[in-house]
4 protein chains.
Amino acid sequence: MTQPQGLSKGLKIAVIGGGSSYTPEIVEGFIRKYESLPIRELWLVDIEEGKHKLDIVGALAQRMVDRSGLPIEVHLTTDRRRAIEGADFVSTQMRVGLLEARKWDEHIPNQHGVIGQETTGPGGMMKALRTIPVLLDICRDIEELSPKAWLLNFTNPAGMVTEAILRHSKVRSIGLCNAPIGLQKWLTGKYGVPPERLYTEFVGLNHLHWVTRIEADGEDKLPELLDRREEYSGKNVPATEWDADFLRSLGGLPSYYLKYFYMTDAMLAEQLESLKTNGTRAEVVKKVEDELFELYKDPNLQEKPKQLEKRGGAYYSEAAVNLMDSLHNDKRDIQTLNVANGNTLDFLPPDASIEVNCVVTGQGPLPLPVTKVPEQAKGLIHAVKTYERLTIAAAISGDRDLALQAMAHHPLVPSVSVAKTLLGEMLEKNRRYLPAFFK
Amino acid sequence: MTQPQGLSKGLKIAVIGGGSSYTPEIVEGFIRKYESLPIRELWLVDIEEGKHKLDIVGALAQRMVDRSGLPIEVHLTTDRRRAIEGADFVSTQMRVGLLEARKWDEHIPNQHGVIGQETTGPGGMMKALRTIPVLLDICRDIEELSPKAWLLNFTNPAGMVTEAILRHSKVRSIGLCNAPIGLQKWLTGKYGVPPERLYTEFVGLNHLHWVTRIEADGEDKLPELLDRREEYSGKNVPATEWDADFLRSLGGLPSYYLKYFYMTDAMLAEQLESLKTNGTRAEVVKKVEDELFELYKDPNLQEKPKQLEKRGGAYYSEAAVNLMDSLHNDKRDIQTLNVANGNTLDFLPPDASIEVNCVVTGQGPLPLPVTKVPEQAKGLIHAVKTYERLTIAAAISGDRDLALQAMAHHPLVPSVSVAKTLLGEMLEKNRRYLPAFFK
Amino acid sequence: MTQPQGLSKGLKIAVIGGGSSYTPEIVEGFIRKYESLPIRELWLVDIEEGKHKLDIVGALAQRMVDRSGLPIEVHLTTDRRRAIEGADFVSTQMRVGLLEARKWDEHIPNQHGVIGQETTGPGGMMKALRTIPVLLDICRDIEELSPKAWLLNFTNPAGMVTEAILRHSKVRSIGLCNAPIGLQKWLTGKYGVPPERLYTEFVGLNHLHWVTRIEADGEDKLPELLDRREEYSGKNVPATEWDADFLRSLGGLPSYYLKYFYMTDAMLAEQLESLKTNGTRAEVVKKVEDELFELYKDPNLQEKPKQLEKRGGAYYSEAAVNLMDSLHNDKRDIQTLNVANGNTLDFLPPDASIEVNCVVTGQGPLPLPVTKVPEQAKGLIHAVKTYERLTIAAAISGDRDLALQAMAHHPLVPSVSVAKTLLGEMLEKNRRYLPAFFK
Amino acid sequence: MTQPQGLSKGLKIAVIGGGSSYTPEIVEGFIRKYESLPIRELWLVDIEEGKHKLDIVGALAQRMVDRSGLPIEVHLTTDRRRAIEGADFVSTQMRVGLLEARKWDEHIPNQHGVIGQETTGPGGMMKALRTIPVLLDICRDIEELSPKAWLLNFTNPAGMVTEAILRHSKVRSIGLCNAPIGLQKWLTGKYGVPPERLYTEFVGLNHLHWVTRIEADGEDKLPELLDRREEYSGKNVPATEWDADFLRSLGGLPSYYLKYFYMTDAMLAEQLESLKTNGTRAEVVKKVEDELFELYKDPNLQEKPKQLEKRGGAYYSEAAVNLMDSLHNDKRDIQTLNVANGNTLDFLPPDASIEVNCVVTGQGPLPLPVTKVPEQAKGLIHAVKTYERLTIAAAISGDRDLALQAMAHHPLVPSVSVAKTLLGEMLEKNRRYLPAFFK
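Residues numbered from 1 in each chain as written. Chains lettered and ligands numbered in written order. Predicted model: local features only at pLDDT ≥ 70, side-chain atom pairs only at ≥ 80, totals over all residues. Heavy atoms only, no water.

Going by what an unreviewed UniProt entry lists, chain A is known as 6-phospho-beta-glucosidase and is assigned to Cohnella xylanilytica. According to the UniProt record, the Sequence similarities (unreviewed entry) comment for chain A is "Belongs to the glycosyl hydrolase 4 family." (UniProt positions renumbered as here; feature names shortened; annotations may be inferred.)

Structure follows, in structure tokens:
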């Protein structure tokens, strides 16, 4: 309980990118957890350009709260500083450049025979370049207006964004992803045990982890999970089968994002095929979103519509609300988060962000030691972290040479010359969002 | 839940040194925790020499269980192997050489102007030399007869004994001390908060720790604790006042055992004075013990007598039973334990034992990272750990040169020549318990 | 001077793979250095299959020694143990599977659109699988017959072979490559300074290094070298131009072997083109070798023929003889060698082999700290080292799963499925040389 | 050759504390080494208070140079900035507070039963508090007026002073002590080998090292040196015999300064005895110095007088001149120096100063890895380093709490209360030299 005023008067929460189609998810979460997480003010903030969506989703949020009968005030604003001032928690779920920018993140690499994806590969790099300066700007506001607030960052690429904040601001920040909680939900379903009887150990980075221990009721389930076809995957990554021999000897259950690295050829083929039929994933999502906002407009809708689940990002709200709960109430439970490495992985710098099990105390998360690191994971983790750190340096400086080094050292970019071509085209397409590169 | 048979049939527990006057404490603990820690068989083991005491305290244990009405079988035996076979938990609370040996551990150093104490200084070293070979012998039995058992070691010097086991056997072992739980109890009383609203962070070794964070209900209490006279101390260490300037700038609340290092002159004076009036601490304890056993003999006594609290070792039972509970039920709560360092303190080897907060899972404790290490603590921690590792090496090899190196490098031993004198006299006095040194 | 008998009676040297076309190089080196490296016995050893070549090159070696008038005995043998017994230095320059195996190392990957090269990529992996067991077998002999001998390993892939020996034998071994000395020679020529006025700092692995400091007469030459087109390259790697922007910001002058990673597309195109016109590099080398042996047969030839220089491997002899000289005479000069990492690169295990500047003392090389490690190099170094360690484990165990993990984690192998195909075909083609994989 | 102008025009050297009685030593060294270290300007600087001595010793220096016939200009000045401007090397050999302050450094601890010594113990701490601010002030001048100069620091306590400079200035600095070269000279004499046939490996801190390898002509001499009575000792430390059993199993030949830690009782007794008969060591030295200056005044004296050797500090000049020579000429030879730890000792911070073998290049010294660290040395090294870092922090801040922490954590100070007494008296006595503590 680090904000004692919170106890008496209730908490203030600011959601940056509050006009997102995801917002009803988190509002539902806040309503459910009200008893342990008593929110007094919920501020949904968005930029001028997103005001229209903010109004629609904000009205739905207000109807949801009304129906719950809870004394939560919903505020809609484009004045970020008012929202942040005195907040206990700030959560970010924004998308700089909107889905239009994502389209090019996916499209341009594909045109050059490279994986096009919004977090992994050149697309993720562009997203980082657009997002990091904006997030650091938000951090300047938090440092000034609510220095004790926790910043919960869901904005992708969450690993790089979190590391940029950890290294370049004083804000207390934690990166969150729904992939770990998603796997745990799938496992609790599969083995019929409650989450507290399940133990999973994650090793790696955001969207680049291996699960090296899986125990249900104390029994080791990893061997059978590595031995079977059946698998967990997110909605946004196509299900392609792992090679059985490879999986069995990999030493950990790989994140489905690792398919971009281990099955690059098949994933690329799938992307090119899908591009022909449905356009980029960004375009597919755009359609889903448009439909969602049509639903949200319905003045009779007072709850999160079922269709939101198709959107991906399942459990996103649950992860965020659980984390706030544990921070607020010093619950000391174990959650998988993106935090500073410290001494956890001895081959990465202490200030690198990693995705790892943490005990969440009132003073923040403490990373648990990893008991097993598959030898084979180390090189790839370090190669991606190298690219990530170069990208962060480029995002902050606007230095094109650094950006070229980052792009060329991404394991999915096949050569310096391809890196140079991609970088040229992608920077140009993102010109509007990258003022530092076009001074 | 690593012993699923435990669930259905109840647990088997072996207490080595079961004839100890402490036994009623732990029996009481087992009775109280029965619901979450369902014990079927409790084996109290002792050596032939201690059979008389075992019979007395064992009869009391039986009466206590009888009164509880619980289906726990109490077994008394001098056959250690039968007790260990198939055990889920083995706990050790023995004293090789009994209080007679302790007397000399305290007396001989005093005669040469050196701190005489049973865990710190030359006395602790002798205790380690006597105890480590016996404990490793027990480990050989556990490796053979109950390889999945957890060995909970309370036997002092708990840090060295635990490290010897961790490095020289395959037994899953954890070292336990009542000092951390004692401080926490004192703090919960002082601040009127339940333990789960208190956060304390321990840094250091067994009987050599600094508490670097103390938060009650999220509020930092360390500055006021470092600023005041009022202090927590164990019954077995005389209360001597800390220098206010020194304490304020020390960066952590020191264990009361640190007085032997920081107030050597005053502590030695107190020992010499006390020696004159009461004899050694061993002799004082002997008297208390004799009285306790008189009480235990009373066939109408069916519960732990109040007088046991005078004995010291408060909360010892609670610490042990809590740890078994968390291991058995994968509780994932935070306890302060003696475990392998891993990457926790970056200046000590990974296999050094340290005393640190751990999350206790069903697969064992995971040490939490320390968030603050006072610069000034590092040298002393490393100096004592150096002595400890030399002592362990000496205990295993029976090498007198190593023993001299250990003794001479203990920070409380003022010179090589004093070390040599002490070592000569003390080895000779312990001849019966140190066969390896007298081959 | 670790072999004082060496001083009085002269040294014994065993060259494993003595029938190599390179042998006249090293014989010339021994003759030139005789004064500081007084060799009494030179044993050229080869396998039965290579006896014909051994006889030819051995006769030339004898003629060279005769002309020098030095009291060096030349012994030709297929009895490896006699050659090793009592040796002061053992040097290895063998090729398990001969050029025929190399041809497939280069050809099969090319057929699947992957770089085909004898040390980098899948080809290098196969060479490691063939070579490591043979080298470790030689080490068993050295452990028994000349335990104080230094094993100088030139056998490629020198980094992996050296690491395998360091980790799996007690032999004192050092890995050597002619690339560092080659660059230094080129620089001394370019800047007109003697080697002792040149300072170069190497960071990385064998065939995967960056030169991060280049000073001639105390002046920093790195910026101009990174800014220019002109470059140093080995004969065996095609000269392809670096991208100027990339090179300028890379933070170190890259080994020409790094082109396989940074210009994969261009290098592959060149290989496929060259394959069409000249066949594999193995076939080109075969032709050069045949011509050399024709020359060696000439009974009037008493010196190393000029044509040997076309063969590649320039300065190989100089590097070997310099190293022996420094070891024998405790010269304490700086040489670039493949040795155990120790604490040099803090992100690699202490027992990983790295290529680094060392001070060569009579007790062996001591690696110098690296003063600058380019951030961008770390990921690639770790990725390749990960593959290398998996390969070593596979070579020793003959475990196909480990081999698949190694192949799939090589940065130049684009996916698990390509890895599996390559592995299948290449293991089959090497069946004769990989008994452990075909048990 | 980092100062190419130096080559053509000759070097400029500034000796801070040039009025010291040691100056003729270094002048002699410069004359002898002139060929490889061509000095054009030698600036002897001192403070106003030392002008009288500077004039005397400066005149002798001029006569020595005149006799040599070399074109070296000798400048005497109290204007430090003029001396530093454009210097290639700055050397410091000053004594803040003169021998008067040293007297109290030795006397006050003795009065309280504690070792009184000018570098080890409370005396060394006071010397550090007086000296570090002055040295850092000199560094400010060097940063401004000769940023590429090398600062060679002989000023004791050399380890702490060097670390303070490394951490708190940008000056390129190296700490030097005559103890390592002294031991090497003794060994070359004893074994009749030239220095380049001797290999010694030093592990530890300044005045706190263990020599863990000693090889003469490749032969291991350490066992016999640890087994014998005969020993090397400096003139300033009384020769007291090591315990034979202890020495044999210590794992390294200890510096004679380690007697203060290992034979504290005997050394203290000797100090108290000697105090009675001769006064403090400071007073003895004062007498020797007065005699020396009488000699120096003789206008016919044109060389270093024999009597200077009695002064202690043997080989001081040789060490300094050798180091300048290697830096200037990029000699890459091995010297034992005080430099930043880097990764050398893995239990100390990278920026801690250690005393270790280095290869001296034109860009500075590179520490060589230590091949053996005696287990028993680690604790004492870390304990003393802890005290040293606290002392440096106190010297810079003038914080009395930090000073108390430093004093209380020195292994030779028996308790906090003694620390407090000593600190109070010693700060008071040094009031004039410690403005930061008396603000």
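Having put the structure on the table, let's press on.
## Quick word on the overall build of chain A
Each helix and strand counted, chain A has 17 helices and 13 strands in total. For chain A, whose C-alpha radius of gyration is 21 Å, the value lies close to the compact-globule estimate of 22 Å for 439 residues. Taken along its principal axes, the extent of the C-alpha atoms in chain A is 55 × 55 × 40 Å. For chain A, buried positions account for 62% of its 439 residues. Considering only residue pairs separated by 6 or more positions, chain A has 72% of its internal contacts joining residues 24 or more positions apart. With an accessible surface of roughly 15700 Å², chain A has 50% of that area assigned to carbon and sulfur atoms. (Helix = DSSP H or I, 4+ residues; strand = E, 2+ residues; numbered from the N terminus. Rg over C-alpha atoms; globule rule 2.2 N^0.38 Å. Buried < 20%, exposed > 50% of the residue type's maximum accessible area, 1.4 Å probe, protein only. Contact = heavy atoms within 4.5 Å. Areas by Shrake-Rupley, 256 points an atom, 1.4 Å probe, with all protein chains shown as cover.)

## Structural notes on the environment of Ala-269 of chain D
Residue and element names in this part refer to chain D. With respect to the helices and strands, the residue Ala-269 is situated in helix α12 (residues 264-278). The exposure class of Ala-269 is partly exposed, given its relative accessible area of 44%. Note: C-alpha distance between Ala-269 and Gly-113 (156 residues apart in sequence) is 9.2 Å.

## Describing the side chain of Gln-271 of chain D
Residue and element names in this part refer to chain D. Position of Gln-271 among the secondary structure elements: in helix α12. Judged by relative accessible area, which is 11%, Gln-271 ranks as buried. Contacts of Gln-271, omitting those with residues within four sequence positions, involve Asn-110, Val-114, Ile-115, Gly-116, Gln-117 and Tyr-260.

## Here we look at the interface of chain B and chain A
A common way to express how large an interface is: the accessible area buried when the components associate. With 25 residues of chain B in contact, the opposing surface of chain A contributes 25 residues. Summed over both partners, the interface of chain B with chain A buries about 2100 Å², with 52% contributed by carbon and sulfur atoms. Inspection of the chain B/chain A interface yields zero salt bridges. Put simply, the parts of the chain that give the side of chain B that touches chain A at least two residues each are β7 (198-205), β8 (208-216), β12 (353-361) and β13 (364-367) of chain B. (Buried area = accessible area lost by both parts, 1.4 Å probe. Salt bridge = Lys/Arg side-chain N within 4 Å of Asp/Glu carboxyl O.)

## Overview of the arrangement of the chains
The closest approach of any C-alpha atom in chain B to one in chain C is 13 Å; the two make no contact. At the level of C-alpha atoms, the two units chain A and chain D stay apart, their nearest approach being 13 Å.

## Some thoughts on the packing of helix α7 (residues 158-168) of chain A against helix α15 (residues 375-397) of chain A
Working note: a packed helix pair is described by the angle between its axes plus the distance between those axes. Residue and element names in this part refer to chain A. Running from N to C, α7 and α15 point in directions that differ by 60°, and their axes come no closer than 10 Å. One finds that α7 runs oblique with respect to α15. The hand of the α7/α15 crossing is right-handed. Of α15, the residues touching α7 (which contributes Met-160, Glu-163, Ala-164, Arg-167 and His-168) are Lys-385, Tyr-387, Glu-388, Arg-389, Thr-391, Ile-392 and Ile-396. Broken down by class, the residue content of the contact of α7 with α15 amounts to five nonpolar, two polar and five charged. (Axes fitted to C-alpha atoms, helices over the stretch in contact; angles between N-to-C directions. Parallel < 35°, antiparallel > 145°, perpendicular 65-115°, else oblique. Left-handed = near helix turned anticlockwise from the far one by under 90°. Nonpolar A, V, L, I, M, F, W, Y, C, P; charged D, E, K, R; others polar.)

## Concerning the pairing of strand β2 (residues 39-45) of chain A
All names here are of chain A. Counting buried residues along β2, six of its seven residues qualify, which places the element largely inside the surrounding structure. Regarding the hand of the β-α-β motif, the stretch spanning strand β1 (residues 11-16), helix α2 (residues 23-32) and β2 is right-handed. Where β2 and strand β3 (residues 73-77) come together, five bridges link them in parallel fashion. Bridge pairing links Leu-42 to Val-74 in β3. (Right-handed = clockwise from strand over helix to strand, strands pointing away. Pairing = 2+ DSSP bridges.)

## Observations concerning the relation of the copies chain B and chain A
When chain B is fitted onto chain A, the two copies agree to an RMSD of 0.0 Å after a turn of 179° and an axial shift of 0.0 Å. The transformation relating the two chain copies, once decomposed into turn and shift, fits a two-fold axis. (Least-squares fit on C-alpha atoms with pLDDT ≥ 70 in both.)

## Some points on the environment of Ala-128 of chain B
Following the sequence through the fold, Ala-128 of chain B ends up in helix α6 (residues 122-145). Once you skip the residues sitting within four places of it in the chain, Ala-128 of chain B turns out to touch Pro-133, Pro-157, Met-160, Thr-391 and Ala-395 of chain B.

## Observations concerning the interface of chain C and chain A
Residue-level contacts link 33 residues of chain C with 33 residues of chain A. Buried surface at the junction of chain C and chain A, both sides included, amounts to about 2800 Å², of which 53% is carbon and sulfur. Across the contact surface, chain C and chain A share eight salt bridges. Between Glu-375 of chain C and Arg-389 of chain A there is a salt bridge whose closest N-O contact spans 3.1 Å. Among the secondary structure elements, those contributing two or more residues to the side of chain C that touches chain A are α10 (244-248), α11 (259-262), α12 (264-278), α15 (375-397), α16 (400-408) and α17 (416-429) of chain C. Take the side of chain C that touches chain A: its biggest share by element is nine residues, from α15 of chain C. Across the side of chain C that touches chain A, the residue classes tally to 13 nonpolar, ten polar and ten charged.

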